[in-house]
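Listed below are the residues making up each chain.
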Amino acid sequence: EPEVTQTPSHQVTQMGQEVILRCVPISNHLYFYWYRQILGQKVEFLVSFYNNEISEKSEIFDDQFSVERPDGSNFTLKIRSTKLEDSAMYFCASSPPGQGSSNEKLFFGSGTQLSVL
Amino acid sequence: DAKTTQPNSMESNEEEPVHLPCNHSTISGTDYIHWYRQLPSQGPEYVIHGLTSNVNNRMASLAIAEDRKSSTLILHRATLRDAAVYYCILRDGAGGTSYGKLTFGQGTILTVHP
């Protein structure tokens, strides 16, 4: 069964450094998302992306964050200058064409655990 | 999105049915009821969703109350692999651009005993 893949599974970085988290969504999907989960807390929406632009973003997704689909397969989340509070599990998700509505199913990856020291 | 209320935790024995309740008394007529689960160290996984009628798929069944103010996710025969956090989420079907914005609560932690 097709799945969303994320790399790396763990990323350790120093505060103030830039990190890029990578995701390969399911191949025929057109809607892409990033969520995060701080240890012991809820899963939180960050951003949705469709047709090469951001559809919606949360208040967490400030100017330090950016997303990109640099080619036909990858979807990346960049944090320009990491802070301690960015430490979390980051999940990429995608959903198929013909959806993009409240009837849609999201398919999530297994996540990248980001640790900012 | 309208709010949902779920028990913090539930327990079950392997091979027995599990009924996971969700209250959503402020649900609107266009809200879909979605269930996701999160296995340990995994991302959330879609389970099932419905609008008004009961729904069945290979993973579970969803029973929706006639007034839609509550719903129940039914796992017909729990296995150890079903131990996870189960999230009941309402999605507004009235249109707009909130594509993929799922609002997760704390969910119900399901423990399955051998």
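Computed from a predicted model, the values in this text were never measured in an experiment. (Residues numbered from 1 in each chain as written. Chains lettered and ligands numbered in written order. Predicted model: local features only at pLDDT ≥ 70, side-chain atom pairs only at ≥ 80, totals over all residues. Heavy atoms only, no water.)

Visitor: For this particular structure, what's the right way to read the sheet that holds strand 1 (residues 5-7) of chain A?
Guide: Note on sheets: strands pair through backbone hydrogen bonds, and any given pair is parallel or antiparallel. Residue and element names in this part refer to chain A. The strand order across the open sheet formed by four strands is 1-3-8-7, and the pairing between neighbours is antiparallel. Each edge of the open sheet is held by one strand with a lone partner, namely strand 1 and strand 7 (65-68). Recorded for the sheet is a direction-independent mean angle of 20 degrees between the axes of neighbouring strands. Sheet topology places strand 1 next to strand 3 (residues 19-24); three bridges connect them, and they run antiparallel. Among the inter-strand pairings, Thr-5 is bridged to a residue of strand 3, identified as Val-24. (Pairing = 2+ DSSP bridges. Helix = DSSP H or I, 4+ residues; strand = E, 2+ residues; numbered from the N terminus. Axes fitted to C-alpha atoms, helices over the stretch in contact; angles between N-to-C directions.)

Visitor: Even after reading the chapter, I still don't get the environment of A:Thr13, so can you show me in this structure?
Guide: Residue and element names in this part refer to chain A. Within the secondary structure, Thr-13 sits in strand 2 (residues 10-13). Expressed as a C-alpha distance, the spacing of Thr-13 and Gln-41, which sit 28 residues apart in the sequence, is 21 Å. Discounting chain neighbours no more than four positions away, the residues touching Thr-13 are Val-19, Thr-82, Leu-114, Ser-115, Val-116 and Leu-117. (Contact = heavy atoms within 4.5 Å.)

Visitor: Looking at this structure, how should I read the interface of chain A and chain B?
Guide: One widely used convention gives an interface's size as the accessible area the parts lose upon coming together. Taken together, the contacts link 22 residues of chain A with 24 residues of chain B. Summing the contributions of chain A and of chain B, the shared interface buries around 2000 Å²; its carbon and sulfur component is 52%. At the junction of chain A and chain B, the tally comes to one salt bridge. The salt bridge involving A:Glu56 is made with B:Lys101; its shortest N-O contact spans 3.5 Å. For the pair chain A and chain B, the number of links is four residue pairs in polar contact (both at pLDDT 80 or more). When residues in the side of chain A that touches chain B are grouped by element, the largest group, four residues, is from strand 4 (residues 31-37) of chain A. (Buried area = accessible area lost by both parts, 1.4 Å probe. Salt bridge = Lys/Arg side-chain N within 4 Å of Asp/Glu carboxyl O. Polar contact = N/O pair within 3.5 Å; in protein donor to acceptor, adjacent residues only side chain to side chain.)

Visitor: It is not clear to me how the nonpolar core should be interpreted in this structure. Could you clarify?
Guide: Most often, soluble globular proteins keep nonpolar side chains buried together rather than apart. The biggest cluster of nonpolar side chains holds 23 residues, and the ones touching the most others in it are A:Trp34, A:Leu46, A:Phe61, A:Val67, A:Phe75, A:Leu77 and A:Tyr90. For this core, the secondary-structure elements that each account for two or more residues are strand 3, strand 4, strand 5 (43-50), strand 7, strand 8 (75-79), strand 9 (88-95) and strand 11 (112-116) of chain A. Excluding its chain neighbours within four sequence positions, the residues that come into contact with A:Leu46 are A:Trp34, A:Tyr35, A:Arg36, A:Glu56, A:Lys57, A:Ser58, A:Ile60, A:Phe61, A:Leu77 and A:Tyr90. Formed by 21 residues, the second largest nonpolar core is a distinct cluster that contains B:Leu20, B:Leu39, B:Ala84 and B:Cys88. (Core = buried A, V, L, I, M, F, W, Y, C linked by side-chain atoms within 4.5 Å. Buried < 20%, exposed > 50% of the residue type's maximum accessible area, 1.4 Å probe, protein only.)

Visitor: Looking at this model, I keep getting lost on the side chain of B:Thr4. Mind explaining?
Guide: All names here are of chain B. Following the sequence through the fold, Thr-4 ends up in the segment before strand 1 (9-13). From its side chain, Thr-4 meets the backbone oxygen of Cys-88 in a polar contact 3.1 Å long. Excluding anything up to four places from it in sequence, Thr-4 contacts Cys-22, Asn-23, His-24, Cys-88 and Leu-90.

Visitor: So what exactly am I meant to see when it comes to the pairing of strand 5 of chain A here?
Guide: Along any regular strand, the residues point their side chains to alternate faces of the sheet. Residue and element names in this part refer to chain A. Extensive coverage of strand 5 is indicated by the burial of six of its eight residues. Pairing between strand 4 and strand 5: seven bridges, direction antiparallel. By the bridge assignment for strand 5, Trp-34 is matched with Val-47. Here strand 4 folds back onto strand 5, and the loop between the two strands holds five residues, one of which, Gly-40, carries a positive phi near 80 degrees. In the sheet, strand 5 pairs with strand 6 (residues 53-57) via four bridges, with the strands oriented antiparallel. Its bridge partner being in strand 6, Phe-49 is matched across the sheet by Ile-54.

Visitor: Explain unusual backbone geometry to me, please; I cannot follow it from the model alone.
Guide: One can expect most non-glycine residues to show negative phi and most peptide bonds to be in trans. A cis amide bond links A:Thr7 with the next residue in sequence, A:Pro8, at an omega value of -10 degrees. Relative to the helices and strands, A:Pro8 is located in the loop between strand 1 and strand 2. In this structure, B:Glu15 takes a positive phi of about 75 degrees despite not being glycine.

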